[in-house]
Amino acid sequence: GGKGGGGGTVEHPASLDGTVGQGDAFTISLDDPQGHALGTIAAGNYQLTVHDDSSIHNFHIQGSGVDDATSVSSAETKTFTVSLSPGTYTFMCDAHPQSMRGTFKVK
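Rules used throughout
- Residues numbered from 1 in each chain as written.
- Predicted model: local features only at pLDDT ≥ 70, side-chain atom pairs only at ≥ 80, totals over all residues.
- Heavy atoms only, no water.
- Helix = DSSP H or I, 4+ residues; strand = E, 2+ residues; numbered from the N terminus.
- Rg over C-alpha atoms; globule rule 2.2 N^0.38 Å.
- Buried < 20%, exposed > 50% of the residue type's maximum accessible area, 1.4 Å probe, protein only.
- Polar contact = N/O pair within 3.5 Å; in protein donor to acceptor, adjacent residues only side chain to side chain.
- Pairing = 2+ DSSP bridges.
- Axes fitted to C-alpha atoms, helices over the stretch in contact; angles between N-to-C directions.

A. Quick look at the overall build of the protein chain. When its secondary structure is counted, the protein chain shows zero helices and ten strands. Starting at the N terminus and ending at the C terminus, the protein chain contains elements arranged as β-β-β-β-β-β-β-β-β-β. Relative to its length of 107 residues, the protein chain is compact, with a C-alpha radius of gyration of 14 Å against a globular reference of 13 Å. A principal-axis box enclosing the C-alpha atoms of the protein chain has dimensions of 50 × 25 × 25 Å. Here the protein chain holds 107 residues, and the buried ones make up 36% of them.

Have a look at this one:
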């Protein structure tokens, strides 16, 4: 048995919360329900609600078995069910992938 070591805490948030471009700002984030940025989370199924507040940005999450996105040209709130496997996932704006991107890990 034992708990294994290293690598910080593995969290299992109740849901995931993505936000893009509030007030057309060049911002993108992916947080837990308490508003904390994701670090390392447990593998499993999650409900991801994306608040895409901009008609010039979108939210696109990619990783093992996951490839979901909102539309660049419209502001919308959309909910996805994502099945996360161990690995690294990327979230970004397809229109501005260099300046608007982030990653998180799944264990």
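Back to the write-up after that little detour.
B. View of the side chain of N58. Inspection of the secondary structure puts N58 in the loop between β5 (44-52) and β6 (60-63). A polar contact of 3.0 Å, which involves the side chain of N58, links it to the backbone oxygen of T70. Within the local environment of N58, its side chain forms a polar contact with the backbone nitrogen of D94, the two atoms lying 2.7 Å apart.

C. Molecular detail of the sheet that holds strand β8 (residues 76-84). Spatially, β3-β2-β5-β8 is the arrangement adopted by the four strands of the open sheet, whose pairing is mixed. What marks the edges here is a single partner per strand, and that holds for β3 (28-31) and β8. The average undirected angle you get between the axes of adjacent strands in this sheet is 20°. Pairing analysis gives nine bridges linking β5 to β8, with the strands arranged antiparallel.

D. Region of interest: the sheet that holds strand β9 (residues 87-92). Read from one edge to the other, the open sheet built from six strands follows the order β1-β4-β10-β9-β6-β7, with strand pairing classed as mixed. Every interior strand has two partners, whereas the edge strands, β1 (10-11) and β7 (66-69), have only one.

E. Up close: the pairing of β5. Looking at chain direction, strand β2 (residues 16-20) and β5 are connected through five bridges and run parallel. Counted as the bridge partner of D17 is T49 from β5.

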